[in-house]
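The lines below spell out each chain.
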Amino acid sequence: MSEAKNNNNSFTLIDNRTNEKIELPVFEASVGPDVIDIRKLYAETDCFTYDPGFTSTGSCESKITFIDGDKGVLLYRGYHIGELADNSDFMETCYLLLYGELPSPEQKRKFETGITYHTMVNEQMSTFFRGFRRDAHPMAIMCGVVGALSAFYHDSLDINDPHHRLVASYRLIAKMPTLAAMAYKYSIGQPFMYPRNDLRYAENFLYMMFGTPCEPYKVDPIIARAMDRILILHADHEQNASTSTVRLAGSSGANPFACISAGIASLWGPAHGGANEAVLNMLEEIGTKDRIPEFIKRAKDKSDPFRLMGFGHRVYKNFDPRAKVMQQSCHEVLDALGVHDEPLLEIAMELERIALEDEYFIEKKLYPNVDFYSGIIFRAIGIPTSMFTVLFAVARTVGWVAQWNEMIEDKSQKIGRPRQLYIGKTQRDFVPLHMRT
Ligand code: ACO
(Lines give C-alpha, C1' and ligand atoms only; values in the text may rest on other atoms or scores of the structure.)
Protein backbone atom coordinates (compact mmCIF):
# COMPACT_ATOMS: atom_id res chain seq x y z
CA MET A 1 0.00 0.00 0.00
CA SER A 2 1.17 3.48 -0.80
CA GLU A 3 1.83 5.62 2.30
CA ALA A 4 1.09 8.87 0.48
CA LYS A 5 -1.64 11.08 2.02
CA ASN A 6 -4.20 12.70 -0.20
CA ASN A 7 -6.21 14.69 2.43
CA ASN A 8 -9.14 14.67 -0.01
CA ASN A 9 -7.33 17.04 -2.34
CA SER A 10 -8.02 16.44 -5.97
CA PHE A 11 -7.45 17.81 -9.39
CA THR A 12 -10.26 18.08 -11.91
CA LEU A 13 -9.63 17.55 -15.61
CA ILE A 14 -12.25 18.35 -18.20
CA ASP A 15 -12.12 16.20 -21.30
CA ASN A 16 -13.06 18.65 -24.06
CA ARG A 17 -13.84 15.77 -26.41
CA THR A 18 -16.69 14.51 -24.23
CA ASN A 19 -17.16 17.34 -21.71
CA GLU A 20 -16.68 14.76 -18.94
CA LYS A 21 -14.99 15.67 -15.68
CA ILE A 22 -12.31 13.46 -14.25
CA GLU A 23 -11.31 13.76 -10.59
CA LEU A 24 -7.71 12.85 -9.92
CA PRO A 25 -6.44 12.51 -6.32
CA VAL A 26 -3.55 14.76 -5.25
CA PHE A 27 -0.98 13.26 -2.87
CA GLU A 28 0.75 15.56 -0.42
CA ALA A 29 4.52 15.76 -0.24
CA SER A 30 6.08 16.33 3.21
CA VAL A 31 8.03 19.13 1.49
CA GLY A 32 8.17 20.09 -2.18
CA PRO A 33 5.59 19.68 -4.94
CA ASP A 34 2.53 17.47 -4.43
CA VAL A 35 1.70 14.93 -7.13
CA ILE A 36 -1.43 14.25 -9.15
CA ASP A 37 -2.22 10.54 -9.14
CA ILE A 38 -2.92 9.74 -12.80
CA ARG A 39 -3.07 5.96 -12.48
CA LYS A 40 -6.73 5.76 -13.50
CA LEU A 41 -6.36 8.30 -16.35
CA TYR A 42 -5.94 5.76 -19.15
CA ALA A 43 -8.86 3.64 -17.99
CA GLU A 44 -11.14 6.69 -17.80
CA THR A 45 -9.99 8.73 -20.80
CA ASP A 46 -8.25 6.27 -23.14
CA CYS A 47 -5.29 8.71 -23.13
CA PHE A 48 -1.75 8.39 -21.86
CA THR A 49 0.22 11.30 -20.49
CA TYR A 50 3.20 12.47 -22.57
CA ASP A 51 6.36 13.59 -20.78
CA PRO A 52 9.62 12.80 -22.60
CA GLY A 53 12.53 13.06 -20.17
CA PHE A 54 10.05 12.80 -17.25
CA THR A 55 10.22 16.55 -16.59
CA SER A 56 6.87 16.53 -14.75
CA THR A 57 6.56 12.90 -13.74
CA GLY A 58 7.08 11.38 -10.31
CA SER A 59 7.87 7.68 -10.73
CA CYS A 60 7.69 6.63 -7.09
CA GLU A 61 7.27 7.84 -3.54
CA SER A 62 10.52 8.06 -1.61
CA LYS A 63 11.78 9.02 1.85
CA ILE A 64 15.46 9.12 1.02
CA THR A 65 16.56 12.36 -0.67
CA PHE A 66 14.91 15.73 -1.21
CA ILE A 67 16.03 18.45 -3.62
CA ASP A 68 14.67 21.98 -3.83
CA GLY A 69 16.12 22.98 -7.17
CA ASP A 70 15.01 26.63 -6.98
CA LYS A 71 16.59 27.21 -3.58
CA GLY A 72 19.59 24.96 -4.19
CA VAL A 73 18.83 22.65 -1.25
CA LEU A 74 19.75 18.97 -0.98
CA LEU A 75 18.73 16.84 2.00
CA TYR A 76 19.58 13.22 2.75
CA ARG A 77 16.84 11.84 5.03
CA GLY A 78 16.17 15.44 6.11
CA TYR A 79 19.80 16.41 6.80
CA HIS A 80 21.38 19.23 4.79
CA ILE A 81 24.20 18.09 2.51
CA GLY A 82 26.49 20.90 3.72
CA GLU A 83 26.04 19.82 7.35
CA LEU A 84 26.76 16.20 6.48
CA ALA A 85 29.83 17.16 4.44
CA ASP A 86 31.16 19.22 7.36
CA ASN A 87 30.26 16.98 10.29
CA SER A 88 29.65 13.45 9.12
CA ASP A 89 31.66 10.81 7.31
CA PHE A 90 30.83 8.56 4.39
CA MET A 91 30.12 5.41 6.43
CA GLU A 92 27.71 7.31 8.66
CA THR A 93 26.07 8.82 5.56
CA CYS A 94 25.71 5.33 4.06
CA TYR A 95 24.00 4.16 7.24
CA LEU A 96 21.70 7.18 7.16
CA LEU A 97 20.71 6.59 3.53
CA LEU A 98 20.14 2.87 4.05
CA TYR A 99 18.41 2.89 7.42
CA GLY A 100 16.82 6.36 7.56
CA GLU A 101 18.47 7.59 10.78
CA LEU A 102 21.96 8.55 11.90
CA PRO A 103 23.55 5.61 13.73
CA SER A 104 24.36 5.42 17.42
CA PRO A 105 28.11 4.88 18.09
CA GLU A 106 27.49 1.13 18.48
CA GLN A 107 25.38 0.93 15.31
CA LYS A 108 28.06 2.82 13.43
CA ARG A 109 30.82 0.51 14.66
CA LYS A 110 28.86 -2.59 13.70
CA PHE A 111 27.96 -1.16 10.29
CA GLU A 112 31.55 -0.22 9.48
CA THR A 113 32.72 -3.66 10.54
CA GLY A 114 30.01 -5.24 8.38
CA ILE A 115 31.08 -3.26 5.32
CA THR A 116 34.77 -3.77 5.99
CA TYR A 117 34.44 -7.55 6.06
CA HIS A 118 32.99 -7.61 2.57
CA THR A 119 35.71 -5.56 0.86
CA MET A 120 37.56 -8.49 -0.70
CA VAL A 121 36.31 -9.91 -4.00
CA ASN A 122 36.30 -13.55 -5.04
CA GLU A 123 39.85 -14.32 -6.16
CA GLN A 124 38.57 -15.67 -9.46
CA MET A 125 37.44 -12.15 -10.34
CA SER A 126 41.05 -11.11 -10.82
CA THR A 127 41.34 -13.48 -13.80
CA PHE A 128 38.17 -11.95 -15.15
CA PHE A 129 39.95 -8.60 -15.58
CA ARG A 130 42.46 -10.16 -17.95
CA GLY A 131 39.75 -10.49 -20.57
CA PHE A 132 39.72 -6.71 -21.00
CA ARG A 133 42.11 -4.73 -23.14
CA ARG A 134 44.56 -2.72 -21.04
CA ASP A 135 43.31 0.49 -22.64
CA ALA A 136 39.65 -0.26 -21.91
CA HIS A 137 37.79 2.61 -20.27
CA PRO A 138 37.46 1.72 -16.56
CA MET A 139 33.70 2.42 -16.75
CA ALA A 140 33.47 -0.30 -19.44
CA ILE A 141 35.24 -2.66 -17.05
CA MET A 142 33.00 -1.62 -14.16
CA CYS A 143 29.81 -2.32 -16.15
CA GLY A 144 31.11 -5.83 -16.76
CA VAL A 145 32.64 -6.77 -13.41
CA VAL A 146 29.87 -5.37 -11.21
CA GLY A 147 27.27 -7.27 -13.26
CA ALA A 148 29.51 -10.32 -12.96
CA LEU A 149 29.25 -10.22 -9.15
CA SER A 150 25.89 -11.94 -9.65
CA ALA A 151 27.79 -14.91 -11.04
CA PHE A 152 29.83 -15.16 -7.82
CA TYR A 153 27.51 -14.36 -4.92
CA HIS A 154 24.55 -16.69 -5.34
CA ASP A 155 23.74 -16.50 -1.64
CA SER A 156 22.50 -12.89 -1.89
CA LEU A 157 20.37 -12.97 -5.04
CA ASP A 158 16.91 -13.62 -3.61
CA ILE A 159 15.41 -10.15 -3.77
CA ASN A 160 12.38 -11.23 -1.71
CA ASP A 161 14.56 -12.15 1.25
CA PRO A 162 15.44 -9.04 3.33
CA HIS A 163 18.64 -10.69 4.58
CA HIS A 164 19.80 -11.43 1.03
CA ARG A 165 19.04 -7.82 0.09
CA LEU A 166 21.04 -6.53 3.04
CA VAL A 167 24.05 -8.76 2.30
CA ALA A 168 23.96 -7.76 -1.40
CA SER A 169 23.79 -4.08 -0.39
CA TYR A 170 26.78 -4.42 1.96
CA ARG A 171 28.70 -6.35 -0.68
CA LEU A 172 28.09 -3.72 -3.33
CA ILE A 173 29.12 -0.80 -1.10
CA ALA A 174 32.17 -2.71 0.14
CA LYS A 175 33.40 -4.16 -3.15
CA MET A 176 32.98 -1.15 -5.43
CA PRO A 177 36.23 0.55 -4.28
CA THR A 178 38.08 -2.76 -4.61
CA LEU A 179 36.82 -3.30 -8.16
CA ALA A 180 37.40 0.34 -9.09
CA ALA A 181 41.01 0.19 -7.86
CA MET A 182 41.50 -3.12 -9.70
CA ALA A 183 40.24 -1.52 -12.93
CA TYR A 184 42.81 1.26 -12.46
CA LYS A 185 45.68 -1.07 -11.56
CA TYR A 186 44.88 -3.24 -14.57
CA SER A 187 45.04 -0.23 -16.89
CA ILE A 188 48.53 0.73 -15.67
CA GLY A 189 49.84 -2.83 -15.48
CA GLN A 190 50.41 -2.86 -11.71
CA PRO A 191 49.45 -5.72 -9.38
CA PHE A 192 46.08 -5.57 -7.67
CA MET A 193 46.22 -4.48 -4.05
CA TYR A 194 44.11 -6.40 -1.53
CA PRO A 195 41.91 -4.23 0.69
CA ARG A 196 43.16 -3.44 4.19
CA ASN A 197 40.54 -3.76 6.86
CA ASP A 198 42.43 -1.55 9.33
CA LEU A 199 41.83 1.45 7.05
CA ARG A 200 38.71 3.58 6.77
CA TYR A 201 36.63 3.40 3.58
CA ALA A 202 38.11 6.34 1.61
CA GLU A 203 41.60 5.68 2.97
CA ASN A 204 41.44 2.04 1.91
CA PHE A 205 40.29 3.04 -1.57
CA LEU A 206 43.22 5.45 -1.99
CA TYR A 207 45.57 2.78 -0.64
CA MET A 208 44.33 0.23 -3.20
CA MET A 209 44.64 2.84 -5.98
CA PHE A 210 48.10 4.18 -5.18
CA GLY A 211 49.84 1.58 -3.01
CA THR A 212 52.10 -1.12 -4.43
CA PRO A 213 53.30 -4.36 -2.82
CA CYS A 214 56.94 -3.12 -3.01
CA GLU A 215 56.82 -0.54 -0.25
CA PRO A 216 54.61 0.76 2.53
CA TYR A 217 52.11 3.38 1.39
CA LYS A 218 50.69 5.94 3.82
CA VAL A 219 47.57 7.77 2.71
CA ASP A 220 47.65 11.51 3.41
CA PRO A 221 44.84 12.12 5.97
CA ILE A 222 43.88 15.42 4.29
CA ILE A 223 43.43 13.67 0.97
CA ALA A 224 41.51 10.83 2.64
CA ARG A 225 39.19 13.36 4.29
CA ALA A 226 38.69 15.20 0.98
CA MET A 227 37.86 11.91 -0.73
CA ASP A 228 35.45 10.99 2.05
CA ARG A 229 33.69 14.34 1.57
CA ILE A 230 33.45 13.81 -2.18
CA LEU A 231 31.86 10.42 -1.51
CA ILE A 232 29.28 12.05 0.81
CA LEU A 233 28.41 14.69 -1.79
CA HIS A 234 27.78 12.08 -4.49
CA ALA A 235 26.05 9.46 -2.33
CA ASP A 236 22.49 10.00 -3.54
CA HIS A 237 20.51 12.41 -5.65
CA GLU A 238 16.86 11.45 -5.79
CA GLN A 239 15.42 9.99 -9.03
CA ASN A 240 18.22 10.96 -11.46
CA ALA A 241 18.92 8.98 -14.66
CA SER A 242 21.13 6.28 -13.13
CA THR A 243 18.96 5.81 -10.03
CA SER A 244 15.86 5.57 -12.18
CA THR A 245 17.71 3.04 -14.32
CA VAL A 246 18.50 0.97 -11.23
CA ARG A 247 14.86 1.14 -10.14
CA LEU A 248 13.58 0.29 -13.61
CA ALA A 249 15.95 -2.67 -13.96
CA GLY A 250 15.03 -3.78 -10.42
CA SER A 251 11.30 -3.47 -11.06
CA SER A 252 11.45 -6.60 -13.22
CA GLY A 253 12.93 -8.54 -10.29
CA ALA A 254 16.49 -8.49 -11.67
CA ASN A 255 19.22 -9.18 -9.10
CA PRO A 256 20.91 -6.24 -7.35
CA PHE A 257 24.33 -6.69 -8.98
CA ALA A 258 22.75 -6.60 -12.44
CA CYS A 259 20.70 -3.52 -11.45
CA ILE A 260 23.74 -1.60 -10.19
CA SER A 261 25.62 -2.51 -13.34
CA ALA A 262 22.74 -0.95 -15.32
CA GLY A 263 23.04 2.16 -13.12
CA ILE A 264 26.77 2.35 -13.88
CA ALA A 265 26.03 2.25 -17.62
CA SER A 266 23.57 5.12 -17.27
CA LEU A 267 25.94 7.15 -15.11
CA TRP A 268 28.67 6.88 -17.73
CA GLY A 269 27.02 9.32 -20.16
CA PRO A 270 28.46 12.87 -20.41
CA ALA A 271 25.08 14.44 -19.60
CA HIS A 272 25.20 12.63 -16.22
CA GLY A 273 28.23 11.27 -14.30
CA GLY A 274 30.52 11.42 -17.30
CA ALA A 275 30.43 15.20 -17.02
CA ASN A 276 33.26 15.35 -14.45
CA GLU A 277 35.61 13.80 -17.00
CA ALA A 278 34.22 16.07 -19.72
CA VAL A 279 34.79 19.17 -17.54
CA LEU A 280 38.47 18.47 -17.15
CA ASN A 281 38.87 17.73 -20.85
CA MET A 282 37.08 21.02 -21.57
CA LEU A 283 39.26 23.03 -19.15
CA GLU A 284 42.36 21.51 -20.72
CA GLU A 285 41.07 22.33 -24.18
CA ILE A 286 40.41 25.94 -23.14
CA GLY A 287 43.99 26.03 -21.90
CA THR A 288 44.28 29.75 -21.12
CA LYS A 289 41.92 32.33 -19.67
CA ASP A 290 41.90 34.45 -22.81
CA ARG A 291 40.18 31.61 -24.71
CA ILE A 292 37.20 31.50 -22.33
CA PRO A 293 35.01 33.95 -24.32
CA GLU A 294 35.43 31.75 -27.41
CA PHE A 295 34.03 28.74 -25.50
CA ILE A 296 31.23 30.76 -23.91
CA LYS A 297 30.26 31.88 -27.42
CA ARG A 298 30.25 28.28 -28.64
CA ALA A 299 28.10 27.16 -25.67
CA LYS A 300 25.50 29.78 -26.62
CA ASP A 301 25.53 28.93 -30.33
CA LYS A 302 22.56 26.66 -31.09
CA SER A 303 24.22 25.35 -34.25
CA ASP A 304 27.20 24.12 -32.20
CA PRO A 305 26.60 20.96 -30.10
CA PHE A 306 29.18 22.15 -27.53
CA ARG A 307 27.84 22.75 -24.01
CA LEU A 308 29.65 24.16 -21.04
CA MET A 309 30.37 20.95 -19.15
CA GLY A 310 29.66 21.08 -15.42
CA PHE A 311 27.03 23.75 -15.98
CA GLY A 312 23.27 23.34 -15.81
CA HIS A 313 21.09 20.77 -14.13
CA ARG A 314 17.65 19.33 -14.70
CA VAL A 315 16.56 20.11 -11.14
CA TYR A 316 18.83 22.88 -9.83
CA LYS A 317 17.88 26.29 -11.18
CA ASN A 318 20.20 27.84 -8.61
CA PHE A 319 23.65 26.89 -7.26
CA ASP A 320 24.06 23.15 -6.87
CA PRO A 321 24.80 23.02 -3.10
CA ARG A 322 27.31 20.26 -3.76
CA ALA A 323 29.26 22.52 -6.11
CA LYS A 324 29.72 25.05 -3.29
CA VAL A 325 31.19 22.42 -0.94
CA MET A 326 33.26 21.05 -3.80
CA GLN A 327 34.73 24.46 -4.58
CA GLN A 328 35.71 24.90 -0.92
CA SER A 329 37.22 21.37 -0.85
CA CYS A 330 39.10 22.14 -4.03
CA HIS A 331 40.86 25.11 -2.40
CA GLU A 332 41.58 23.08 0.77
CA VAL A 333 43.10 20.16 -1.15
CA LEU A 334 45.22 22.37 -3.37
CA ASP A 335 46.43 24.33 -0.32
CA ALA A 336 47.24 21.10 1.52
CA LEU A 337 49.20 19.86 -1.47
CA GLY A 338 50.99 23.20 -1.76
CA VAL A 339 49.52 23.89 -5.21
CA HIS A 340 48.91 27.62 -5.31
CA ASP A 341 48.60 28.33 -8.98
CA GLU A 342 46.74 25.40 -10.50
CA PRO A 343 45.98 26.79 -13.97
CA LEU A 344 42.85 24.68 -14.41
CA LEU A 345 41.37 26.02 -11.17
CA GLU A 346 42.06 29.56 -12.34
CA ILE A 347 40.39 28.85 -15.68
CA ALA A 348 37.43 27.19 -13.92
CA MET A 349 36.91 30.15 -11.55
CA GLU A 350 37.15 32.65 -14.36
CA LEU A 351 34.80 30.59 -16.53
CA GLU A 352 32.31 30.44 -13.66
CA ARG A 353 32.57 34.20 -13.11
CA ILE A 354 32.03 35.05 -16.79
CA ALA A 355 29.18 32.55 -17.25
CA LEU A 356 27.34 33.73 -14.14
CA GLU A 357 27.38 37.31 -15.50
CA ASP A 358 26.28 36.28 -18.99
CA GLU A 359 22.65 36.93 -19.97
CA TYR A 360 22.30 33.49 -21.65
CA PHE A 361 23.27 31.57 -18.49
CA ILE A 362 21.32 33.92 -16.20
CA GLU A 363 18.15 33.62 -18.25
CA LYS A 364 18.39 29.81 -18.48
CA LYS A 365 19.37 29.56 -14.80
CA LEU A 366 22.53 27.61 -15.59
CA TYR A 367 24.84 27.34 -12.56
CA PRO A 368 27.90 25.16 -11.87
CA ASN A 369 26.92 21.63 -10.87
CA VAL A 370 28.74 19.10 -8.67
CA ASP A 371 31.00 18.05 -11.53
CA PHE A 372 32.44 21.48 -12.19
CA TYR A 373 35.09 21.39 -9.46
CA SER A 374 35.37 17.68 -8.64
CA GLY A 375 37.70 16.93 -11.57
CA ILE A 376 40.23 19.51 -10.40
CA ILE A 377 40.37 17.87 -6.95
CA PHE A 378 40.66 14.39 -8.48
CA ARG A 379 43.48 15.52 -10.72
CA ALA A 380 45.31 17.14 -7.81
CA ILE A 381 45.02 13.90 -5.84
CA GLY A 382 46.55 12.05 -8.81
CA ILE A 383 43.45 10.28 -10.09
CA PRO A 384 43.50 9.91 -13.88
CA THR A 385 40.65 11.51 -15.82
CA SER A 386 39.20 8.21 -16.99
CA MET A 387 38.65 7.21 -13.33
CA PHE A 388 36.55 10.28 -12.41
CA THR A 389 33.20 8.75 -13.28
CA VAL A 390 34.23 5.49 -11.62
CA LEU A 391 34.67 7.42 -8.37
CA PHE A 392 31.21 8.85 -8.80
CA ALA A 393 29.90 5.28 -9.24
CA VAL A 394 31.69 4.17 -6.05
CA ALA A 395 30.01 6.98 -4.10
CA ARG A 396 26.57 6.59 -5.70
CA THR A 397 26.36 2.84 -5.04
CA VAL A 398 24.89 3.42 -1.58
CA GLY A 399 22.20 5.69 -3.05
CA TRP A 400 21.40 3.12 -5.72
CA VAL A 401 21.06 0.27 -3.23
CA ALA A 402 19.04 2.39 -0.78
CA GLN A 403 16.62 3.35 -3.57
CA TRP A 404 16.51 -0.22 -4.87
CA ASN A 405 15.68 -1.55 -1.38
CA GLU A 406 13.01 1.11 -0.93
CA MET A 407 11.45 0.10 -4.24
CA ILE A 408 11.37 -3.61 -3.40
CA GLU A 409 9.73 -2.85 -0.04
CA ASP A 410 7.10 -0.57 -1.65
CA LYS A 411 4.11 -2.79 -2.33
CA SER A 412 2.59 -0.22 -4.71
CA GLN A 413 5.50 -0.59 -7.14
CA LYS A 414 4.95 -2.53 -10.33
CA ILE A 415 7.26 -3.42 -13.17
CA GLY A 416 8.25 -0.13 -14.85
CA ARG A 417 6.55 -0.02 -18.21
CA PRO A 418 6.09 3.42 -19.82
CA ARG A 419 3.69 3.84 -22.73
CA GLN A 420 4.16 5.91 -25.88
CA LEU A 421 2.59 8.21 -28.41
CA TYR A 422 2.72 6.03 -31.51
CA ILE A 423 3.26 8.08 -34.68
CA GLY A 424 4.33 5.27 -37.02
CA LYS A 425 2.48 3.52 -39.83
CA THR A 426 -0.94 2.10 -39.24
CA GLN A 427 -1.51 -1.57 -40.08
CA ARG A 428 -0.79 -2.40 -43.74
CA ASP A 429 -0.53 -5.51 -45.92
CA PHE A 430 2.77 -7.32 -46.34
CA VAL A 431 4.19 -7.00 -49.88
CA PRO A 432 6.20 -10.05 -51.06
CA LEU A 433 9.81 -9.29 -52.02
CA HIS A 434 9.36 -9.89 -55.75
CA MET A 435 6.54 -7.33 -55.88
CA ARG A 436 8.53 -4.55 -54.19
CA THR A 437 10.17 -1.92 -56.38
N1 ACO B 1 25.81 24.91 -21.78
C2 ACO B 1 25.08 25.63 -22.65
N3 ACO B 1 23.74 25.61 -22.71
C4 ACO B 1 23.10 24.79 -21.86
C5 ACO B 1 23.78 23.99 -20.93
C6 ACO B 1 25.18 24.07 -20.90
N7 ACO B 1 25.90 23.34 -20.05
N8 ACO B 1 22.89 23.28 -20.21
C9 ACO B 1 21.69 23.61 -20.69
N10 ACO B 1 21.82 24.53 -21.68
C11 ACO B 1 20.72 25.17 -22.40
C12 ACO B 1 20.12 24.24 -23.45
O13 ACO B 1 20.73 24.41 -24.71
C14 ACO B 1 18.69 24.65 -23.45
O15 ACO B 1 18.54 25.83 -24.22
P16 ACO B 1 17.19 26.10 -25.06
O17 ACO B 1 16.10 26.20 -24.05
O18 ACO B 1 17.47 27.38 -25.76
O19 ACO B 1 17.03 24.93 -25.98
C20 ACO B 1 18.41 25.03 -22.00
O21 ACO B 1 19.68 25.41 -21.45
C22 ACO B 1 17.83 23.89 -21.18
O23 ACO B 1 18.65 22.76 -21.36
P24 ACO B 1 18.07 21.28 -21.40
O25 ACO B 1 19.05 20.39 -22.08
O26 ACO B 1 16.67 21.28 -21.93
O27 ACO B 1 18.02 20.98 -19.85
P28 ACO B 1 17.98 19.58 -19.21
O29 ACO B 1 17.39 19.76 -17.89
O30 ACO B 1 17.35 18.57 -20.11
O31 ACO B 1 19.54 19.18 -19.11
C32 ACO B 1 21.73 18.87 -18.35
C33 ACO B 1 20.29 19.23 -17.98
C34 ACO B 1 21.75 17.57 -19.17
C35 ACO B 1 22.53 18.61 -17.08
C36 ACO B 1 22.35 20.04 -19.17
O37 ACO B 1 22.33 21.22 -18.40
C38 ACO B 1 23.76 19.71 -19.66
O39 ACO B 1 23.91 19.06 -20.70
N40 ACO B 1 24.82 20.18 -18.90
C41 ACO B 1 26.18 19.88 -19.25
C42 ACO B 1 26.52 18.45 -18.80
C43 ACO B 1 26.67 18.36 -17.29
O44 ACO B 1 27.34 19.16 -16.66
N45 ACO B 1 26.06 17.28 -16.73
C46 ACO B 1 26.16 16.99 -15.31
C47 ACO B 1 24.82 17.10 -14.65
S48 ACO B 1 24.97 16.85 -12.93
C49 ACO B 1 25.14 15.21 -12.75
O50 ACO B 1 24.65 14.38 -13.45
C51 ACO B 1 25.93 14.78 -11.65
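Shown above is the structure to which this text applies.
Before going into details, it helps to say that this report is about the structure given with it. Counting from 1, residues in each chain are numbered in the order their sequence is written. Local features are withheld for residues below a pLDDT of 70 in this predicted model, meaning they are given only at 70 or higher, and side-chain atom pairs are given and counted only at 80 or more; totals for whole chains, interfaces and linings count all residues. Where side-chain values are given, they derive from all heavy atoms of the structure, hydrogens and water being excluded.

This part is about the overall build of the chain. Within the chain, the secondary structure is distributed over 18 helices and 6 strands. Note on method: radius of gyration uses C-alpha positions; expected globular size equals 2.2 Å times residues raised to 0.38. Whereas a compact globule of 437 residues would reach a radius of gyration of roughly 22 Å, the chain reaches 24 Å, a difference of no more than 12%. Its C-alpha atoms give the chain principal-axis dimensions of about 80 × 65 × 55 Å. The cut-offs for exposure are 20% and 50% of the maximum accessible area for each residue type, with area from a 1.4 Å probe on protein chains only; residues under the lower value are buried, those over the upper are exposed, and the others partly exposed. Counting only residues that meet the buried cut, the chain has 48% of its 437 residues in that class. Surface exposure here means Shrake-Rupley accessible area, sampled with a 1.4 Å probe, where a residue is shielded only by the protein chains that are shown. Surface exposure of the chain reaches about 22,400 Å², of which carbon and sulfur atoms provide 53%. A positive count includes Lys and Arg, and a negative count includes Asp and Glu. His and the chain ends are not counted in either. All charge positions are set by atom: Lys at NZ, Arg at CZ, Asp at CG, Glu at CD. The average position of the 47 basic charges and that of the 56 acidic charges among the side chains of the chain differ by 5 Å. Going along the chain from the N terminus, every DSSP run of H or I of four or more residues is numbered as a helix, and every run of E of two or more is numbered as a strand.

This part covers the pairing of strand β4 (residues 65-68). Alternating residues of β4 divide into T65 and I67 and F66 and D68, and every residue in both groups is buried. In this scheme, strands are said to pair when DSSP sees at least two bridges between them. Of the pairings in the sheet, the one linking β4 to strand β5 (residues 73-76) comprises 4 bridges and is antiparallel in character. Bridge assignment links D68 to a residue of β5, and that residue is V73. Where β4 hands over to β5, the hairpin turn is made up of 4 residues, of which G72 adopts a positive phi near 70 degrees.

The next thing to look at is the pairing of β5. Here β5 shows a buried face lined by V73 and L75 and a second buried face lined by L74 and Y76. Here 2 bridges tie β5 to strand β6 (residues 79-80), and the two strands are oriented antiparallel to one another. Within β6, the residue paired with Y76 across the bridge is Y79. From the end of β5 to the start of β6, which pair antiparallel, there are 2 residues, and R77 there has a positive phi angle of about 50 degrees.

Glancing now at the sheet that holds β6. Taken together, the 3 strands give an open sheet; going across it, the order is β4-β5-β6, and neighbouring strands pair in antiparallel fashion. Sheet topology places β4 and β6 at the edges, where each strand pairs with a single neighbour.

All right, on to the pattern of salt bridges then. We define a salt bridge as a side-chain nitrogen of Lys or Arg found within 4 Å of a carboxyl oxygen belonging to Asp or Glu. Counted under the stated rule, the structure contains 23 salt bridges. Residue D68 is joined to K71 by a salt bridge in which the shortest nitrogen-to-oxygen separation is 3.8 Å. A salt bridge links E357 to R353, with the shortest nitrogen-to-oxygen separation between them at 3.4 Å. Members of the salt-bridge network, linked through shared partners, are D89, K108, E112 and R200.

Put simply, two rings from Phe, Tyr or Trp (the six-membered ring, in Trp's case) pair if the centres are within 6.5 Å, and we call them stacked under 30 degrees between planes, edge-to-face over 60, tilted for the rest. Considering all chains together, one arrives at 17 aromatic pairs under this definition. For the pair F295 and F306, a centre-to-centre distance of 5.7 Å together with 70 degrees between the ring planes defines the contact as edge-to-face. Of this pair, F295 sits in helix α13 (residues 292-300) while F306 is found in the loop between α13 and α14 (321-336), placing the two residues 11 residues apart along the sequence. Considered together, F295 and F306 belong to a single accessibility category, that of buried residues. Here Y360 and F361 contribute two aromatic rings whose centre-to-centre distance is 5.1 Å and whose plane-to-plane angle is 70 degrees, an arrangement assigned as edge-to-face. Here Y360 falls in the buried class, since its relative accessible area comes to 18%. Put simply, the rings of F311, Y360, F361, F372 and Y373 pair up and form one aromatic cluster. Whether a charge sits over a ring comes down to the Lys NZ or Arg CZ being within 6 Å of the ring centre and within 35 degrees of the ring normal. Seen from the ring of Y207, R196 lies directly overhead, with NZ or CZ sitting 5.0 Å from the centre.

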